[in-house]
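Overview (structure and organization)
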Amino acid sequence: MAATTAAPAKGKRRAAGPLFVAPFMVLFLLLFLAPLGYAAYLSLFQERLIGGTAFVGLDNYVTAVKDPQLIHGVGRVALFFVIQVPVMLLLALLFALALDSGLLRLARVIRLGIFVPYAVPSVVAALMWGYLYGPDFGPFAQLSRDLDLPVPHFLSEGWMLGSLANIVTWEFVGYNMIILYAALRTIPSELYEAAAMDGAGAWRIAWSVKLPALKPALMLTLLFSVIGSFQLFNEPNLLMKVAPDVISSSYTANLYAYSLAFTGQQVNYAATVSFLLGLVIVIASYAILLTANRRRTP
């Protein structure tokens, strides 16, 4: 009798798993896979003046690979990634280690102050920094004039990439700091006690205990940074209004795809550019993971 009653209960438990997963799978299908499949379908067609929309196979991809605007946009974003991400992650790491040390006064206030910029929408942040960068009415320009110093041209061609990197760093240092700080809080206190008994000081503990334990969290933040860097859009799109001679519609690959779709009405080619950009992100992320795994293996 007990066996017969246990069998239906076990069957109910097995059916509960798919039911819990079903809402996610439905949303994943409708909001991710379906749009992705439709974009792939669009990328195989081309709208022509004569004959309307025609199937062209991979011709759009061949054109995109040779497109100098797309190539320059991807290269510019790659340079942005090389410059901005190490600075951002280093600052996030330093802040996380400082907060975890327990030596800071008002640690909660400092932690909140560093994290607050992440709560500011990127559109608002870009508008705010665009005003600060302004060569005519911006506070930096006015202060330079009052001190009889050269006015910094933050929105010039030579400074623009660094100005964008500064905005993104200001926005996301707090976000990455929280991830690293949370990882630090999971380190067992016994490791610190054992290191202290062996005579290790605070710097030695940070270098030999905390940093090795932070490698998975650092890898996670690095992967997020790869995706975010190659999807750079809001900041250059808004600063393009104040510096149209420096930022063009193809300044970044993501901005180029948006301009093709909504300004140039080239929906099919925009889908192709988006797919190639996604492929670049996948390759870059896989290369980072592969490099990290090789370093871990003896």
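In this report, the structure presented in the accompanying data block is examined.

1. What about the overall build of the protein?
Within the protein, the secondary structure is distributed over 13 helices and two strands. Its C-alpha radius of gyration of 25 Å places the protein more than 25% over the 19 Å reference for a compact globule of 298 residues. For the protein, the spread of C-alpha atoms along the principal axes amounts to about 80 × 70 × 40 Å. Evaluated residue by residue, the protein yields a buried proportion of 36% over its 298 residues. By sequence separation, contacts in the protein at least 24 residues apart represent 66% of the contacts at least 6 residues apart. For the protein, the computed accessible surface area is about 18,500 Å², with 70% contributed by carbon and sulfur atoms. The protein carries 19 positive and 14 negative side-chain charges, and their two centres are separated by 18 Å.

2. Here we look at the packing of aromatic side chains
What the rule picks out here adds up to 17 aromatic pairs. When the ring of F140 is compared with that of F154, the centres are 5.6 Å apart and the planes differ by 65°; the resulting orientation is edge-to-face. Here F140 is found in helix 6 (residues 139-146), whereas its partner F154 is found in the loop between helix 6 and helix 7 (160-185), with 14 residues between them in sequence. An aromatic cluster of at least three residues, connected via ring pairs, comprises W129, Y133, F140, F154, W159 and W170. When the ring centre of Y251 is taken as origin, the NZ or CZ atom of R76, which lies over that ring, is 4.5 Å away.

3. Description of the environment of R76
Counting through the fold element by element, R76 comes out in helix 3 (residues 68-101). For R76, a relative accessible area of 28% translates into the label partly exposed. C-alpha separation for the pair R76 and M88, spaced 12 residues apart in sequence, amounts to 18 Å. Discounting chain neighbours no more than four positions away, the residues touching R76 are L161, S250 and Y251.

4. Concerning the nonpolar core
L70, L180, L214 and V273 are the most contacted members of the largest nonpolar core, which totals 45 residues. Only helix 2 (59-65), helix 3, helix 7, helix 8 (189-197), helix 9 (202-213), helix 10 (215-230), helix 12 (253-262) and helix 13 (267-296) provide two or more residues apiece to this core. Counting residues per element, this core draws most heavily on helix 3, at 11 residues. Those residues in contact with L180, other than ones at most four positions away along the chain, are A92, L93, A96, L214, A217, L218 and T221. Counting residues in each nonpolar core, the second largest holds 20 residues, with M160, I167, I247 and Y251 among its members.

5. Topic: unusual backbone geometry
Notably, L106 is not glycine yet its phi reads approximately 55°, a positive angle. Looking at the element boundaries, L106 is found in the loop between helix 3 and helix 4 (107-119). For D148, which is not glycine, the phi torsion reads 55° and is therefore positive. Along the chain, D148 falls in the loop between helix 6 and helix 7.

6. Regarding the environment of Y181
Relative to the assigned elements, Y181 resides in helix 7. As for Y181 and L19, which are separated by 162 residues in sequence, their C-alpha atoms are 35 Å apart. Excluding its chain neighbours within four sequence positions, the residues that come into contact with Y181 are A96, L99, D100 and R111.

7. Here we look at the pattern of salt bridges
Between side chains of opposite charge, a pair can form when the charged atoms approach closely. With the rule as written, the count across this model stands at two salt bridges. One salt bridge connects R185 with D100, and the closest N-O pair in it is separated by 3.2 Å. Here D100 lies in helix 3 and R185 lies in helix 7, a separation of 85 residues in the sequence. Given the relative accessible area of 54%, R185 is considered exposed. K210 serves as the salt-bridge partner of D100, at 2.9 Å between the closest nitrogen and oxygen.

The rules behind these values
Residues numbered from 1 in each chain as written. Predicted model: local features only at pLDDT ≥ 70, side-chain atom pairs only at ≥ 80, totals over all residues. Heavy atoms only, no water. Helix = DSSP H or I, 4+ residues; strand = E, 2+ residues; numbered from the N terminus. Rg over C-alpha atoms; globule rule 2.2 N^0.38 Å. Buried < 20%, exposed > 50% of the residue type's maximum accessible area, 1.4 Å probe, protein only. Contact = heavy atoms within 4.5 Å. Areas by Shrake-Rupley, 256 points an atom, 1.4 Å probe, with all protein chains shown as cover. Lys, Arg positive; Asp, Glu negative; His and termini not counted. Charge placed at Lys NZ, Arg CZ, Asp CG, Glu CD. Phe/Tyr/Trp six-rings, centres within 6.5 Å; stacked < 30°, edge-to-face > 60°. Lys NZ or Arg CZ within 6 Å of the ring centre and 35° of its normal. Core = buried A, V, L, I, M, F, W, Y, C linked by side-chain atoms within 4.5 Å. Salt bridge = Lys/Arg side-chain N within 4 Å of Asp/Glu carboxyl O.

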